[in-house]
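Given next are the chains, with one letter for each unit.
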Amino acid sequence: MSATKLGKGPLIILMINMFIAMLGIGLIIPVLPQFMGMLGGSGEAGGYLVAAFGLTQFMFSPIGGEWSDKYGRKKLIILGLIIMTVSAVLFAVGTAMWMLYVSRLIGGIGAAFLIPPMMAYIADITTLETRGKGMGLLGSAMSLGFVIGPGVGGLLADISVRTPFYVSAVVTLMATLVSLFLLPETLSQEDQLRHRNTMLKRENVIKQFALSFRKPYFALLIMIFTLTFGLSHFETMFPFFVTGKFHYDERDIALVITIGALIGTVIQAVAIGPVLNRFGEKAVITGSFLFSAISLVLMLFSGNFYYVLGVALIFFTATALMRPAINTALSKMAGDEQGVAAGMNNAYMSVGNIVGPALAGTLFDVHINLPYIFGAAILMLSLILAVNWKAGRRAEPAV
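Criteria and thresholds
- Residues numbered from 1 in each chain as written.
- Predicted model: local features only at pLDDT ≥ 70, side-chain atom pairs only at ≥ 80, totals over all residues.
- Heavy atoms only, no water.
- Helix = DSSP H or I, 4+ residues; strand = E, 2+ residues; numbered from the N terminus.
- Buried < 20%, exposed > 50% of the residue type's maximum accessible area, 1.4 Å probe, protein only.
- Contact = heavy atoms within 4.5 Å.
- Areas by Shrake-Rupley, 256 points an atom, 1.4 Å probe, with all protein chains shown as cover.
- pLDDT = per-residue confidence, 0-100.
- Core = buried A, V, L, I, M, F, W, Y, C linked by side-chain atoms within 4.5 Å.
- Phe/Tyr/Trp six-rings, centres within 6.5 Å; stacked < 30°, edge-to-face > 60°.
- Salt bridge = Lys/Arg side-chain N within 4 Å of Asp/Glu carboxyl O.

## A short note on the overall build of the protein
For step 1, the next point in the chain: Helix and strand counts for the protein come out as 16 helices and zero strands.
For step 2, the next point in the chain: Expressed as a percentage of the 399 residues in the protein, the buried residues total 54%.
For step 3, the next point in the chain: Partitioning the intrachain contacts of the protein with sequence separation of at least 6 by distance along the chain shows that 87% fall at a separation of at least 24.
For step 4, the next point in the chain: Accessible surface, the protein as shown: approximately 16,500 Å² in total, 71% of it carbon and sulfur.

In structure tokens:
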């Protein structure tokens, strides 16, 4: 089904779904200490609880992407939303730590079944010329959900510590119903059957990763990992860094992250299409890696509020532009396996979300500046990879 025939309706539904999914992920952050206090959990247990979501998202993302090729985008999107609704309800009613862990593990599976088919859906309904804009809009919804999630969670927690999750469940259920009745399928029955008959059965994520090493778009998957690693590295340590080094309070921290991320998201939504058409994916990726690495180094030199805000704005803008540029290049190289490529994209992103915060915390205990120095080094190595990357052949269908 063509993008012209579909119009803007499906894109708007996908953006709403992505926003709701990312919003639900971030709700846990402000209320986590309260839940740990209620249930007798430690800070370490809280950290593992956050990581649990990324773990199952990583494990199931390749499956979600492959199944969206075999059984259609719409079915997987609806399944992912249903699973995330169940996850929110379970967390809301949880009275023991094991219930919270199960909720987060289930939520990661829901995200794995939701995000890859939405990215593949964008590839289905856009042309090569408009794909950058479509990926950019979906990325904007993702970024906005991440930014607003903790704030919404904090506001709703004033009513009750469990209120954010009840609200999340209701909103996600509404998105499920909208998708069920209004979102058309883009993959024909013939294409689904062809994928079921021709694609290799992949039994686990380890095999998926091994196969991804031989893909023509493997370098782009590495860039997805390092981008996510750098972003999570920055966001995880920022409150600790500016508090310990520059004596910021909670208001200063909230203002920098919210303003910087929101402006970066707006720039992404408005500028990504023209920027990609003007300069191309490679130039945007390399420039974004360069500016994001420089901004991490600049963060070390001054605690002036407006200086830090400016540096954060550079970082958030660079990473906001980079993600849709990589996603667009990846979708162009994926050829006939959009779902598989999107699934691996999400899997590599999940690994970055697991490794980035964990390593940042370890490095912070060694020296307060070390997380940003190390993060900048990783982004500079990624810049070298991006400079030497060449768009090769498209992936061939698995046989």
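Next, the rest of the story.
## Examining the confidence of the model for the protein
For step 1, the next point in the chain: Of all residues in the protein, 89% have pLDDT values of 70 or greater, and the mean over the chain is 81.
For step 2, the next point in the chain: Across residues 1-6, where pLDDT falls below 50, the model places 10 contacts with residues more than four positions away in sequence or in other chains.
For step 3, the next point in the chain: For residues 395-399, every residue scores under 50 in pLDDT, and the model assigns this stretch 16 contacts once sequence neighbours within four places are set aside.

## A closer look at the nonpolar core
For step 1, the next point in the chain: With 83 residues, the main nonpolar core has Tyr217, Leu220, Met223, Phe234, Phe238 and Tyr372 as its most contacted residues.
For step 2, the next point in the chain: In contact with Met223, other than residues within four places in its own chain, are Ile285, Phe289, Ile326, Leu385, Ala386 and Trp389.
For step 3, the next point in the chain: Ranked by size, the runner-up nonpolar core spans 13 residues in total, among them Leu27, Ile28, Phe35 and Met97.

## Some words on the packing of aromatic side chains
For step 1, the next point in the chain: According to the stated counting rule, one finds 14 aromatic pairs in the structure shown.
For step 2, the next point in the chain: Judged by centre distance (6.5 Å) and plane angle (80°), the ring pair of Trp67 and Tyr71 falls under edge-to-face. With a gap of four residues between them, Trp67 and Tyr71 both fall in helix α4 (residues 43-71), about one helical turn apart.
For step 3, the next point in the chain: Overall, Trp67 belongs to the partly exposed group, its relative accessible area being 37%.
For step 4, the next point in the chain: A ring pair is formed by Phe305 and Tyr306, whose centres lie 5.4 Å apart and whose planes are at 85°; its orientation type is edge-to-face.
For step 5, the next point in the chain: Judged by relative accessible area, Phe305 falls into the partly exposed class, the value being 21%.
For step 6, the next point in the chain: Taking relative accessible area as the criterion, Tyr306 reaches 65% and is therefore assigned exposed.
For step 7, the next point in the chain: Ring-pair connections join several aromatic residues into one group, and the members of that group are Phe234, Phe241, Phe246, Phe315, Phe316 and Tyr372.

## Structural notes on the pattern of salt bridges
For step 1, the next point in the chain: On inspection of all chains with the given rule, the structure shows four salt bridges.
For step 2, the next point in the chain: For the salt bridge of Arg73 with Asp69, the shortest nitrogen-to-oxygen distance reads 2.6 Å. For the pair Arg73 and Asp69, one class covers both residues: buried.
For step 3, the next point in the chain: Lys332 is the salt-bridge partner of Glu281, the closest N and O atoms lying 2.8 Å from each other. Of this pair, Glu281 sits in helix α13 (residues 281-298) while Lys332 is found in helix α14 (residues 305-334), placing the two residues 51 residues apart along the sequence.
For step 4, the next point in the chain: A network of salt bridges, in which partner residues are shared, links Asp69, Arg73 and Asp124.

## Here's the deal with the side chain of Asn369
For step 1, the next point in the chain: When you line up the elements, Asn369 lands in the loop between α15 (338-366) and α16 (370-388).
For step 2, the next point in the chain: Overall, Asn369 belongs to the buried group, its relative accessible area being 15%.
For step 3, the next point in the chain: In contact with Asn369, other than residues within four places in its own chain, are Phe241, Lys245 and Leu300.

## What to know about the environment of Leu313
For step 1, the next point in the chain: With respect to the secondary-structure elements, Leu313 resides in helix α14.
For step 2, the next point in the chain: Along the backbone, Leu313 and Gly260 are 53 residues apart, and their C-alpha atoms lie at a distance of 4.4 Å.
For step 3, the next point in the chain: Not counting chain neighbours up to four residues away, the residues in contact with Leu313 comprise Gly260, Ile263 and Gly264.

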